[in-house]
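Structure at a glance
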Amino acid sequence: MNRKQWLLGRREVTLALACVAASVLFQFLSPYFLTGPNLITILRNSVELLLVSLGISFILATAGIDIAVGGALGICAIFVGWSVQGGWPLAAVLLIGPLIGTALGLVSAALIVWGKIPPIIATLGLFGVYRAAIFLLLGGSWISGLPDTLGPAVNTSIGGVPVVGVYVLLCYLVGWLIIRWLPLGPAILATGGNERAARLSGVPIGKTKFFVYGFTGLLVGFAAVLYVARYRNVETSTGGLVALDAIVASVLGGASVLGGKANLLGTMFGVLLVRLLQNGFVLMGAPSLWEQVITGFLLLVVLILDALAGNRRVNGSRLVTMP
Amino acid sequence: MRRQNQWSACLVAGLMLFTAAFGLAQNKPKVAFVPQIVGIPYFNAMEDGGKDAAQKFGVEFVYTGPTDTNPAEQLRIVNGLIDQGISAVSLSVLDASSIDPVMKKAKEKGVKIFTSDSDAPKSEREVYVAQALDQDLGFTIIDELAKRIGEQGSVGIVSGEATATNLNTWIGFMQQRVKEKYPKITLLPPQFAGGTAQRAFQLATDLMTAHPDLKGLIAVASTTCPGVAQAIESAGKIGQVIGTGYGSPNTVRSYLKSGAFGFSVLWNPRDLGYLTVWAGKQLIDGKPFAESNAVPGLAQPVKYDPATKVLLLGPPAVFTKDNVDQYKF
């Protein structure tokens, strides 16, 4: 049932249309918007958030949440930065981020599954711990001016398409395969849909949760590698509030904080829409603060529409229209 | 009997000594400084200066602040320090519009409250310890940039938090200078990146896209310097776009050397922290500031303006690739 609902979800179409509409408007206001370099810039600026949001979509599907991903990203970035600074071979630098990320994700899962702590509390606690750890690890001095070790693996393009775009697409493809074709997919959605019912029908709840948080950690670690490759700098605010941005993008994309839903394509367009708005506002010469207003407003509209749609289903009639 | 007296005399004397010593330690006045954010090189340097001054002038230095640039969190910390009975509390103001209740509370409790590094000019603060005149900072960055871009072209501004008083004031003076002296320079409206390098990078890149003929980019907050510089490097615009900002030598060293940053303007934050604690001690002792003050440990005399209650560290410094290696903060 959930799967059918997921397949029939049209959120990605709405968001794609919103992207097109915004693009037309911005192009009208700035001649530099619809140019190859600018579109590639938007894509490049989206990659870390795309990866983190993919993970968050999985977590939201189990009715969980992870606020600590920003802190985890910062910690991974520090280790990646140090390994670049230390002149490690490329393969080792590429591996260390995802390894540490996965480990941190499993810590969240352990607290939630074994510690039986509600996800929002567990990860809120971890968020504080990670932020403090970042300050302690860096000791107040940023890692800056790193050598371009990661450049060849990350900052190149194949036929005009940045290779990072390909990496992100591959990650989403893997995500889609998991949801759609592996037994894990229904297990994730069932866990979020009704955990008790799922447990009674033999779904391995604990393992499923360990998977989603571990998988998210892996993606966060990979995002940290891309972050360091692009900015060649790790500051104490690295990661920042990326968790909130990712939750916004996922919910925009059709995820529900109540679980049981996953729309990866929607998440992808959700991220792109947010980044596109941020870019467009600067190009048309408006203060960037307005973009936050618009993003917040969009989220509220989507949630209200969701609530109305939910009412419709409860009433059992799809014909009831909005007043 | 006599022996007993001797013993009790000893005991009493010992106790008195002990209480005296303990009392002395306790009476050592405390001066606190609350930065806008902890854990960044800039405020770390202020902390170091504060510690040195505390040792020199016999006070205890308390350094604590928010882990992100959150005005509400900063006020909470300042409130806590006032409640703890710290004699003098200074802060680098994040939001001047919400500071008044805290100032009032400090006055009621007899706590000397003053600002340092970022001001709330309309508040009841005792003094503002200024790093350099805001006007000098705003003017210097424009003058130095104008020299390098031939006094014409568009210049973008990437700032940090939109509520930070000091950043907004500097931007105001930049705009004033351009208006008065450089008619051929167009200063674009400022963009705000918050506290992250990532967002600064994004804004800088977008500004370069929107204005292909952009000549300069000014990173106003120290947290935005790496992002802006990296954006210029990534866009392959070194030489075409001259980056600059209020960044410490350690933060901008590699960008000055790569050419992404032409120069950087700042003061010595260590000296500013030092001066802050000295000012706190003067306030606690009830000593007024003279128009020119010789502060032990600082090379130059420190000027004071009684009308605005501003204590001024000195003129700003300009760092370039040639002199940056002389500085270690």
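Scroll up to find the structure.
What comes next is a walk through the structure. Residue positions within a chain follow its written sequence, with the count starting from 1. Each chain takes a letter, starting from A, and each ligand takes a number, starting from 1, following the order in which they are written. Given that the model is predicted, a residue must reach a pLDDT of at least 70 before its local features are reported, and side-chain atom pairs must reach 80 or more before they are shown or counted; all residues, however, enter totals for whole chains, interfaces and linings. Values reported for side chains reflect all heavy atoms of the structure, with hydrogen atoms and water molecules removed beforehand.

For this analysis, a nonpolar core means a set of buried residues of the types Ala, Val, Leu, Ile, Met, Phe, Trp, Tyr and Cys, connected via side-chain atoms within 4.5 Å. Residue burial is assigned from relative accessible area. The probe radius is 1.4 Å, only protein chains are included, and a residue is buried under 20% of its type maximum, exposed over 50%, and partly exposed in between. Counting residues in each nonpolar core, the largest one holds 92 residues, and the members touching the most others are Met174(B), Leu217(B) and Leu311(B). With near-sequence residues (within four places) excluded, Leu217(B) lies in contact with Gly156(B), Val158(B), Ala204(B), Leu207(B), Met208(B), Val228(B), Ile232(B), Val241(B), Ile242(B), Gly243(B) and Thr244(B). Phe58(A), Leu73(A), Ala153(A) and Ala246(A) belong to the second largest nonpolar core, which has 77 residues in total. Any pair of residues with heavy atoms lying within 4.5 Å of one another is described as a contacting pair.

Right, let's get into the packing of helix 5 (residues 90-113) of chain A against helix 11 (residues 205-231) of chain A. Residues and elements named next belong to chain A. Axis geometry follows a simple rule: fit a line to the C-alpha atoms, using only the stretch in contact for helices, then measure angles between N-to-C directions, giving values from 0 to 180 degrees. Runs of E in the DSSP output that reach at least two residues are strands. Runs of H or I that reach at least four are helices, and both are numbered from the N terminus. For the pair helix 5 and helix 11, the least separation of the axes is 6 Å and the interaxial angle reads 145 degrees. By crossing handedness, the relation of helix 5 to helix 11 is classed as right-handed. The residue classification treats Ala, Val, Leu, Ile, Met, Phe, Trp, Tyr, Cys and Pro as nonpolar and Asp, Glu, Lys and Arg as charged. All others, Gly included, are polar. Each residue belonging to the contact of helix 5 with helix 11 can be placed in one class, and the counts come to 13 nonpolar, nine polar and one charged. The hand of a helix crossing depends on one turn: near helix anticlockwise from the far one by less than a right angle means left-handed, and clockwise means right-handed.

Residues and elements named next belong to chain A. Here, two cysteine sulfur atoms that lie within 2.5 Å of each other are counted as a disulfide. All told, the structure shown has zero disulfides over all chains when counted by the stated rule. You can see Cys76 has no disulfide; the closest cysteine sulfur is in Cys171, sitting 14 Å from it. Given the relative accessible area of 0%, Cys76 is considered buried.

With that settled, consider helix 7 (residues 197-210) of chain B. Helix span is expected to be 1.5 Å times the residue number reduced by one. Between its first and last C-alpha atoms helix 7 of chain B spans 20 Å; for 14 residues at 1.5 Å apiece the expected length is 20 Å, and the two agree. Within helix 7 of chain B, 14 of the 14 residues are buried, leaving the element largely enclosed by the surrounding structure.

What follows concerns unusual backbone geometry. Glycine aside, the phi torsion of most residues is negative, and most peptide linkages are trans. Residue and element names in this part refer to chain A. One non-glycine residue with positive phi stands out, namely Ala63, at about 65 degrees. Mapped onto the secondary structure, Ala63 falls in the loop between helix 3 (36-61) and helix 4 (69-85). Note on Ala63: relative accessible area 35%, which makes it partly exposed.

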